[in-house]
Structure formats: structure tokens, C-alpha cells
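# Coordinate analysis (summary)
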Amino acid sequence: ATLALQCSMCHGARGTASAGTNAPHLAGQPPSSTYKQLRDFKSGHRPSAVMQPLATNLSDQDMRDLAAFYSQQQRETLVGHAGIQVEVPRIVSNGSPMRNVGACATCHSPGVARVATPIIDGLPAAYIVDQLNAFKSGRRANDINQQMRNAVHGLTDQEIEVVAKYYASR
Ligand code: HEC
Ligand code: HEC
């Protein structure tokens, strides 16, 4: 918790970022996911002008401790967030077999415990759109076995908007 004080300005006191920021929530993320992202920022595998300089100063133990801390926090419901119902997009439940796009839900459901796979429910829509475009263009390429680059390579801008809206509403 002491280490996390330097993160609270952007990621919230307990890992729920305030509405309108471009920083993702960290509360409730599997520790393997947060740890991997911190390592990737430090090594430069995931480029980020904001996070790279911060991660450079963290030791391996710091990263493990931060990952453990955030995994134990509960994501808070943001004002104006609850109650929005968005229908499950087909891409989420079925993918698009003709285009070789896997169903997002096989990897990103809270009940599915896949190593180093983030929970994307409730992430800010603008952040989700930005990350999907980054995987699509290859600007973000730190996904093991290209899991995300394969998942988004065939998605249209409109589909990206729809899935982002859906996950942000959860
Ligand atoms: C100045 C704001 C700021 C501070 C301070 C900050 N972050 Fe971040 N963080 C961001 C932004 C913005 C992103 C999204 C990545 C990007 O856009 O470059 C991010 C992304 C992350 C991610 C990736 C999460 C995901 O879902 O992939 C982790 C993990 C993370 N930060 C942890 C931390 C930790 C731990 C600290 C404190 C040591 C910290 N951050 C401090 C702004 C910040
Ligand atoms: C085969 C499993 C798999 C499938 C299918 C998949 N993902 Fe992912 N996704 C991952 C993994 C693993 C990561 C973390 C990559 C890394 O190490 O940085 C990730 C990361 C993400 C992120 C970044 C989250 C963050 O916090 O930065 C978003 C957003 C995302 N996925 C959305 C989707 C959407 C939308 C779909 C469906 C179109 C999808 N994913 C399909 C495995 C998958």
C-alpha cells in the first residue's frame, strides 16, 4: 500500500481510476497480469511515455508487491456507471470464425482464470479503444503468442467501438 501511494494520483487510492481519465483500473486484476505489465513497461516491451519512467524505478519485489496489493482491492462502482445495459456483442460471445477472430469471452471472463490475462470489465471505453487499436497496428506487441493481435487484426473501427462500449458498461 505504501508503494501504491505514488500510483494513486492516476489509478485511484485503491486502484479504481476516476471517471474521465485515460488510466486503467488496477483493482481486482490478477497479480500475474499487473506484474507482467509492469515488467513490460520497465523493459520497454510495452511502450508508454507515462508508465515507462515510473516502472524503471521499481524492483522485481516492488512489482510483485504492487501486483498483490491491487489484486486484493475491489473495483469501486463509479458515479454514473451503474445501470447501463449494453447487449452482448456477437464478437464477445462467438468471435468471427470466418475471419479467424476468437471470442473475447473465452479469455476475458472474470470466471476464466488465464495467466497474465487482464479483466477488462469496467475499463474506460477510451482506454479499451486505444489498446485495441494499438494491438491492431502493432504499436502494442507485448502479448504472448500474439493472442491480442490475432484477436483484433480483423476487427473494424465500428466493432472496436461496440466491444469497448460493452466492456466499459460492465
Ligand atoms: C501520471 C499518471 C500515472 C501514474 C502516476 C501511474 N500510472 Fe500506471 N498507467 C497510467 C496510464 C495512462 C496507463 C495506460 C498506459 C498508457 O496509456 O501508456 C497506465 C497503465 C498501467 C498499467 C497497465 C494496466 C493494464 O490494464 O494493462 C499498470 C499495471 C500500471 N499502470 C501500474 C502503475 C503503478 C504500479 C504505478 C505506481 C508505481 C502507476 N501505474 C503510476 C498512468 C499512470
Ligand atoms: C486467446 C485469448 C484472448 C482473446 C480471444 C482475446 N484476448 Fe484480449 N487479451 C489477452 C491477453 C493475454 C491480454 C494481455 C496481453 C499482454 O500481455 O499485454 C489481453 C489484453 C487485452 C486488452 C488490454 C487490457 C489492458 O488492461 O490493457 C484489451 C482491451 C483486450 N484484451 C480486449 C479484448 C477483446 C475486445 C477481445 C475480443 C475481440 C479479446 N481481447 C480477445 C487474451 C485474449
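Residues numbered from 1 in each chain as written. Chains lettered and ligands numbered in written order. Predicted model: local features only at pLDDT ≥ 70, side-chain atom pairs only at ≥ 80, totals over all residues. Heavy atoms only, no water.

## Quick look at the site of ligand 2
What counts here: Here a residue is near a molecule or strand as soon as one of its heavy atoms is found within 4 Å of it. As used in this structure description, the phrase polar contact means that two N or O atoms lie within 3.5 Å; if the pair is within protein, one of them must be able to donate a hydrogen and the other to accept it, and residues adjacent in sequence are counted only when both atoms belong to side chains. Each helix corresponds to a stretch of at least 4 residues labelled H or I by DSSP, and each strand to a stretch of at least 2 residues labelled E; elements are numbered beginning at the N terminus. For this scheme, ten residues count as nonpolar: Ala, Val, Leu, Ile, Met, Phe, Trp, Tyr, Cys and Pro. Four count as charged, namely Asp, Glu, Lys and Arg, and the remainder, Gly too, count as polar. Start and end positions for the domains come from either an automated domain assignment or a database one.
Every one of the 26 residues lining ligand 2 counts as a neighbour, but Cys104, Cys107, His108, Tyr127 and Met148 are closest to it. Within the side chain of Tyr127, one N or O atom sits 2.6 Å away from an oxygen atom of ligand 2. Here an oxygen atom of ligand 2 and a side-chain polar atom of Asn142 are 3.1 Å apart. Listed by contribution, the elements that provide at least two residues to the shell around ligand 2 are helix H2 (31-43), helix H6 (105-108), helix H7 (125-137) and helix H8 (147-152). Of the residues forming the shell around ligand 2, the biggest block, 4 residues, is contributed by H7. Partitioning the shell around ligand 2 into residue classes produces 15 nonpolar, 6 polar and 5 charged. For the shell around ligand 2, the domains that each give at least three residues are domain 1 (3-71) and domain 2 (90-168).

## Focus on the domain arrangement of the chain
Accessible area lost upon the coming together of the parts serves often as the stated size of an interface. Test applied: Whether two residues are in contact is decided by their heavy atoms: any pair within 4.5 Å suffices. When two components associate, each loses some accessible surface as probed by a 1.4 Å sphere; the sum of these losses over both components is called the buried area. A carboxyl oxygen of Asp or Glu within 4 Å of a side-chain nitrogen of Lys or Arg is what we treat as a salt bridge.
The domains assigned to the chain are domain 1 (3-71) and domain 2 (90-168). On a C-alpha basis, the centroid separation for the pair domain 1 and domain 2 is 20 Å. Facing the 16 residues of domain 1 at the interface are 14 residues of domain 2. At the boundary of domain 1 with domain 2, total buried surface from both sides reaches about 1200 Å², with 52% on carbon and sulfur atoms. Remark: the boundary between domain 1 and domain 2 carries 0 salt bridges.

## Points about the pattern of salt bridges
This model, assessed by the stated rule, comprises 6 salt bridges. Arg99 is paired through a salt bridge with Glu159; the nearest N and O atoms lie 2.8 Å apart. Residue Arg99 is found in the loop between helix H5 (90-93) and H6, and its partner Glu159 is found in helix H9 (residues 157-168); the two are separated by 60 residues along the sequence. For the salt bridge of Arg170 with Asp121, the shortest nitrogen-to-oxygen distance reads 3.0 Å. Highlighted residues: Arg170 in the segment after H9 and Asp121 in the loop between H6 and H7, separated in sequence by 49 residues.

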